Amino acid sequence: MRRFAENHPWWLAAIATAAAILLYLIFAIWPDWLVQMLGKKKVFLNALFNGITLGALYFLVASGFTLIFGLMRNVNLAHGSLYLLGAYIGYSVAGWTGYWLLAFPAAFLIVGLFGIVLQVFVFRRMERQDLRQTLVTIGISIVLADIMLWVFGGDFLNIIPPTWLSGPMETILVTGVKRSSGDLIYLKYPLIRIVIFLASVAIGVAMWTLLNRTRIGMLIRAGVDDREMLSATGVRIQLVFAGVFAFGAGLAGIAGVVGGTFQSIAPGEDVRFLLASLVVVIVGGMGSITGAALGAVLIGISEQFGSVYFPTYSVVVTFMIMVLVLAFRPQGLLGRS
Amino acid sequence: MRVNPAYWVAGAVLLILPAFASDFVLYQLFGWTFILGMIALSLMFLAGYGGMVSLAQMTVAGVAGYMVAIFGESAITDISQGWPWYVSIPLALLIAALFATATGWLADRTEGIYTIMITLAIAAAFFYFFNQNYVIFNGFSGFNGVLPPELFGVNWRDPIAFYYLTLFWAAAWYFGAIYVSRSPFGLALQGIRDNPRRMAALGYHVTAHKVAAYAVAAFPAAVGGILLTWQSAQISPGTAGIGPAIDILIVAVIGGIGHPVGAFIGAFIYVILKTFAIDLIVFVGLGSERFRLLIGLGFLAVVFWSPDGVLGLWEKLKRSRGLNPLLRKAGRRP
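Residues numbered from 1 in each chain as written. Chains lettered and ligands numbered in written order. Predicted model: local features only at pLDDT ≥ 70, side-chain atom pairs only at ≥ 80, totals over all residues. Heavy atoms only, no water.

K.L.:
Looking at this structure, how should I read the overall build of chain B?
P.N.:
Along the backbone of chain B there are 13 helices and four strands. Taken over C-alpha atoms, the radius of gyration comes to 21 Å for chain B, in line with the 20 Å a tight globule of 334 residues would show. Taking all 334 residues of chain B together, 53% fall into the buried category. In chain B, once contacts between residues fewer than 6 apart in sequence are set aside, the share between residues at least 24 apart is 74%. Looking at chain B as shown, the accessible area adds up to about 15,500 Å², and 68% of this sits on carbon and sulfur atoms. If you average the places of the 19 positive and of the 13 negative side-chain charges in chain B, the two averages end up 20 Å apart. (Helix = DSSP H or I, 4+ residues; strand = E, 2+ residues; numbered from the N terminus. Rg over C-alpha atoms; globule rule 2.2 N^0.38 Å. Buried < 20%, exposed > 50% of the residue type's maximum accessible area, 1.4 Å probe, protein only. Contact = heavy atoms within 4.5 Å. Areas by Shrake-Rupley, 256 points an atom, 1.4 Å probe, with all protein chains shown as cover. Lys, Arg positive; Asp, Glu negative; His and termini not counted. Charge placed at Lys NZ, Arg CZ, Asp CG, Glu CD.)

K.L.:
Could you clarify how one ought to interpret the overall build of chain A in this entry?
P.N.:
When its secondary structure is counted, chain A shows 14 helices and two strands. The C-alpha atoms of chain A give 21 Å as radius of gyration, which agrees with the globular expectation for 337 residues (20 Å, within 12%). The principal-axis extents of the C-alpha atoms in chain A amount to approximately 70 × 55 × 40 Å. Counting over 337 residues, chain A shows a buried share of 51%. Taking as baseline every contact in chain A between residues at least 6 positions apart, the subset at least 24 positions apart corresponds to 71%.

K.L.:
I'm lost on the confidence of the model for chain B in this one. Help?
P.N.:
Keep in mind that low pLDDT regions are not for reading the predicted coordinates in detail. All names here are of chain B. In this model, chain B carries a mean pLDDT of 81, and residues with pLDDT of at least 70 account for 93%. The secondary structure element of chain B with the lowest average pLDDT is strand S4 (residues 329–330), at 56, and the one with the highest is helix H9 (residues 206–232), at 90. Scored as a complex, the prediction yields pTM 0.84 and ipTM 0.78. (pLDDT = per-residue confidence, 0-100.)

K.L.:
Help me understand the interface of chain B and chain A, please; the structure alone is not making it clear to me.
P.N.:
Many analyses report the size of an interface as the accessible area lost when the parts associate. The interface of chain B with chain A comprises 39 residues on the first partner and 43 residues on the second. Ranking the residues of chain B by area buried against chain A places Ile113, Met117 and Phe304 of chain B at the top, with a combined share of 17%. Inspection of the region where chain B meets chain A yields zero salt bridges. Taken together, the connections running from chain B to chain A amount to zero residue pairs in polar contact (both at pLDDT 80 or more). Take the side of chain B that touches chain A: its biggest share by element is 13 residues, from helix H5 (residues 114–132) of chain B. The class makeup of the residues in the side of chain B that touches chain A is 31 nonpolar, four polar and four charged. (Buried area = accessible area lost by both parts, 1.4 Å probe. Salt bridge = Lys/Arg side-chain N within 4 Å of Asp/Glu carboxyl O. Polar contact = N/O pair within 3.5 Å; in protein donor to acceptor, adjacent residues only side chain to side chain. Nonpolar A, V, L, I, M, F, W, Y, C, P; charged D, E, K, R; others polar.)

K.L.:
Sorry if this is basic, but what is going on with unusual backbone geometry here?
P.N.:
Generally, phi is negative for residues other than glycine and the peptide bonds are trans, each holding for most cases. All names here are of chain B. A positive phi angle, close to 60°, is found at Ala233, a residue other than glycine. When you line up the elements, Ala233 lands in the loop between H9 and strand S2 (234–235). Here Ala233 falls in the buried class, since its relative accessible area comes to 11%.

K.L.:
Hey, could you run me through the packing of aromatic side chains in this one?
P.N.:
Here a ring pair, both rings aromatic, is described through the centre-centre distance and the interplanar angle of the planes. If you walk through the whole model with that rule in mind, you get 25 aromatic pairs over all chains. Between Phe108 of chain A and Phe247 of chain A, the ring centres sit 6.1 Å apart and the planes meet at 75°, which makes this aromatic pair edge-to-face. With Phe108 of chain A in helix H6 (residues 103–123) and Phe247 of chain A in helix H11 (residues 237–262), the pair connects residues that are 139 residues apart, well separated along the chain. For Phe108 of chain A, a relative accessible area of 26% puts it in the partly exposed group. Residue Phe247 of chain A is classed as partly exposed on the basis of its relative accessible area, which comes to 27%. Between the aromatic rings of Phe127 of chain B and Tyr128 of chain B, the centroid separation amounts to 5.2 Å while the plane-to-plane angle is 55°, which identifies the pairing as tilted. On the basis of relative accessible area, Phe127 of chain B is assigned to the buried category, the value being 16%. Using a relative accessible area of 28% as the deciding quantity, one classes Tyr128 of chain B as partly exposed. (Phe/Tyr/Trp six-rings, centres within 6.5 Å; stacked < 30°, edge-to-face > 60°.)

K.L.:
Looking at this model, I keep getting lost on the pattern of salt bridges. Mind explaining?
P.N.:
Side chains carrying opposite charge are able to pair once their charged atoms draw close together. Residue and element names in this part refer to chain B. The tally for this structure, following the rule as stated, stands at three salt bridges over all chains. Among the ionic pairs, Asp108 bridges to Lys210, the shortest N-O distance being 3.5 Å. Highlighted residues: Asp108 in the loop between helix H4 (85–107) and H5 and Lys210 in helix H9, separated in sequence by 102 residues. Grouping residues by exposure puts Asp108 and Lys210 together as buried. Asp194 is paired through a salt bridge with Arg193; the nearest N and O atoms lie 3.0 Å apart. Look at Arg193 and you get partly exposed, because its relative accessible area is 33%.

K.L.:
Please explain the nonpolar core as it appears in this structure.
P.N.:
Inside soluble globular proteins, nonpolar side chains tend to come together where they are buried. Counting residues in each nonpolar core, the largest one holds 200 residues, and the members touching the most others are Met322 of chain A together with Met117, Phe143 and Trp230 of chain B. A total of 17 residues in this core trace back to one element, the largest contributor, which is helix H2 (residues 23–50) of chain B. Among the nonpolar cores identified, the runner-up in size contains 13 residues, and Trp30, Phe49, Leu187 and Phe305 of chain A belong to it. (Core = buried A, V, L, I, M, F, W, Y, C linked by side-chain atoms within 4.5 Å.)

So this is what it looks like as structure tokens:
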């Protein structure tokens, strides 16, 4: 952090200014000229928080993708299918047992097992053949997409959260002042989204701790840097590989349940989330968990703001972020070259 | 120079085909095969000679198709400019080539397997862009009534005329690809594919060659895109969606990315499957919508067992026939 400040004072100043402006926009009661410029504060805050929660969801999907790529150099283009598979499993389990919370372990376990199957029967058989892996995973995603369409149909499905999680929650943020009485109006925000955001942050922190503070994390980081050397020291690297693959796939499955709860499940979502994770890891930097978090929040926010403020060009905003990152920092914001 | 007799046979058959084939075969099967083949040829050129698997070639085709609809004539008169064909078509090709060049430059910012991801992201971004932009691209419904010009008094959407039109362009790009692959540029490109470092040490500008390859490969894709638009007289976001982009990859891989002919073989197999597999699937007892399952499984089988596609199988067959049956080694056949 200090080194960054010493090396890039201007960058730091720009980031600090942006953060200050953002904090002002969030906490201040907007004066009239600002309302005229940007529209209602409520719209702004909603877009911001929707963007952050969407970013949390993207992070859940993309962190597994980036972990698998960072460690094994496996490009798993079936990652979006794992997401959708998790969503459908969560839907069935939640509908079948009636417990929303059960959907998470079920999706994690089943999709994780499926990930092990993929790792053992596909990726291990064609190590170091990037192109073939990519093609095979594209094939798998086509087949899976059609099987899921077959089994679950093409309708939009929704995982219904329990009643104690539904409904809005009053927050401490002020959106405006009532003209008649002068009372402050507070922002109401869906409780489920807040819970999901907090859960994603918890998962992210847990992953960071696991990677940076435990022995398993040490093995994984060593494997990212130099897997030949790691296996030469006697680590059973294939076990680590299978474990990480299962974990990454399981995370995608959990993300599926999350996405199915606050958005909807439908054919085509697999592609959408595959692309979201691609863009997130391209922006954040391949193989970096922190990068995935940064990229996910950036893409989530830009997508929401884009759809609120420039509806017909919102994709362009996201795309331009990717282009700019590729143009000026091809390894990604936090990636190592 | 000795010409492979297969060329004479294939050429003769394709030229006299309209004499006995039905309109459906000419317009749908072969017209579509040649169009898909051209777009897949563009991918094959980049992947086979340059080692860059670009999933954005269908988007290049889509851009060209859209530009013809926007600058030329269509039923959406608010947007279409209605310029004559000799302006709109070159302009469409030029814009498609510029788009491909920009794509190539972006994709080449990082190395190796990133290319496929970046081009997939670009393809998807443009699909969503076409879909949500109503000012230029007319959103979800796209453009209809995009017809070819009545050049030389011929209705080019007449099955026989369209057949020869697509055949002409397919052949032109096929031989063009072979010519370029043997030109100094093509040889340098293949050198870069095999060892970029050594080529850089020899004084070749690696990035420039790669980006130029994207620009060159844009033309078959762009012409394919324009013909595709004329064939169905419409273009919409779905034409250049993610599914079609991956289908082009499937076509190229099934055929084999070692030689330009693979693109057309793959396209032919794909078109035949897409047209007739439905009957087969229904016959087996599944719904006709299971087509993608079949295509996916077929694609998986090809990449699992014969990564070089049908061409790879052919090579294997040739090699095994060349084996001496007694010694099991390569030798002259008796």
